[in-house]
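Tertiary structure, described
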Amino acid sequence: TETVLPAAAASTPASTDALGALVPKLADFGVASLVTQTGQVATANVIGTPQYLAPELGDGQPSGRAGDLYALGVTLYEMACGAVPFHADSPVALLRLHADHAPTRPDGIPDALWVLIAALLAKNPHERPDDAAAVAQRLWA
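Residues numbered from 1 in each chain as written. Predicted model: local features only at pLDDT ≥ 70, side-chain atom pairs only at ≥ 80, totals over all residues. Heavy atoms only, no water.

1. A look at the overall build of the protein chain
- Along its length, the protein chain carries six helices and two strands.
- Starting at the N terminus, the α and β elements of the protein chain follow one another as α-β-β-α-α-α-α-α.
- For the protein chain, buried positions account for 27% of its 141 residues.
- Taking contacts inside the protein chain between residues at least 6 apart in sequence as the whole, the part at least 24 apart equals 45%.
- For the protein chain, the exposed area adds up to about 9,400 Å²; of that, 57% sits on carbon and sulfur atoms. (Helix = DSSP H or I, 4+ residues; strand = E, 2+ residues; numbered from the N terminus. Buried < 20%, exposed > 50% of the residue type's maximum accessible area, 1.4 Å probe, protein only. Contact = heavy atoms within 4.5 Å. Areas by Shrake-Rupley, 256 points an atom, 1.4 Å probe, with all protein chains shown as cover.)

2. Re helix α4 (residues 91-100)
- Three or more residues of α4 are buried, namely L94, H98 and A99. Looking straight down α4, one finds that the buried residues subtend no more than 140° of arc, so they occupy a single side.
- Next to the buried residues of α4 lie α2 (55-58) and α3 (65-81). (Arc of directions from axis to C-beta.)

3. A look at helix α5 (residues 111-120)
- All buried positions along α5 are accounted for by W114, L116, I117, A119 and L120.
- Considering only its buried residues, α5 is in contact with α3 and α6 (132-140).

4. Comments concerning the packing of α3 against α5
- Two elements in contact, α3 and α5, have axes whose closest approach is 8 Å; the angle formed by their N-to-C orientations is 145°. For the pair α3 and α5, the sense of crossing is left-handed. Counted together, L69, Y70, L72, G73, L76, Y77 and A80 of α3 and L113, W114, L116, I117 and L120 of α5 form the full contact between these two elements.
- Residue composition of the contact of α3 with α5, by class: 11 nonpolar, one polar and no charged. (Axes fitted to C-alpha atoms, helices over the stretch in contact; angles between N-to-C directions. Left-handed = near helix turned anticlockwise from the far one by under 90°. Nonpolar A, V, L, I, M, F, W, Y, C, P; charged D, E, K, R; others polar.)

5. With respect to the side chain of E56
- By secondary structure assignment, the location of E56 is in helix α2.
- The contact partners of E56, leaving out residues within four places of it in the chain, are Q61, P62, S63, A66, G67, K123, P125 and R128.

6. Digging into the confidence of the model for the protein chain
- Residues of the protein chain with pLDDT of at least 70 account for 72%, and the chain-wide mean is 80.
- Mean pLDDT in the protein chain bottoms out at helix α1 (residues 7-10), which sits at 46, and peaks at α5, which reaches 96.
- In this model, residues 29-36 is a region of pLDDT below 50 whose contacts with residues beyond four sequence positions or in other chains number 26 contacts.
- Ignoring residues within four places in sequence, the model shows residues 40-44, a span with pLDDT below 50, making eight contacts including any to other chains. (pLDDT = per-residue confidence, 0-100.)

Written out as structure tokens, the structure reads:
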């Protein structure tokens, strides 16, 4: 069979496993900084999807791996609960919720999954898991 990709995806080579099956990849947790035409990162402006931005980004602090892991936590929360953890009428209000409030735990979320989601959504970036590989190991367990 032939796979037809949207025009934007067609410019990105597809990844396949050893048997030739397509391997999905998550490519963007929301853009956290603006890269200029010269390749410089503009840190004065934060752009991205506010539902997935780490608290430190809303406070104007730099973010890297820890911000990506926070966005992964939002994604896992959304997958497990059917909605993102925070809702607000404005992006600024939403960023304040990320910074100041803990997500609620809906009924039916297994303890081990909730512990992982809560760790990924830690307000302090130093309290989040070390890297995505550690998260993957915990998910498999």
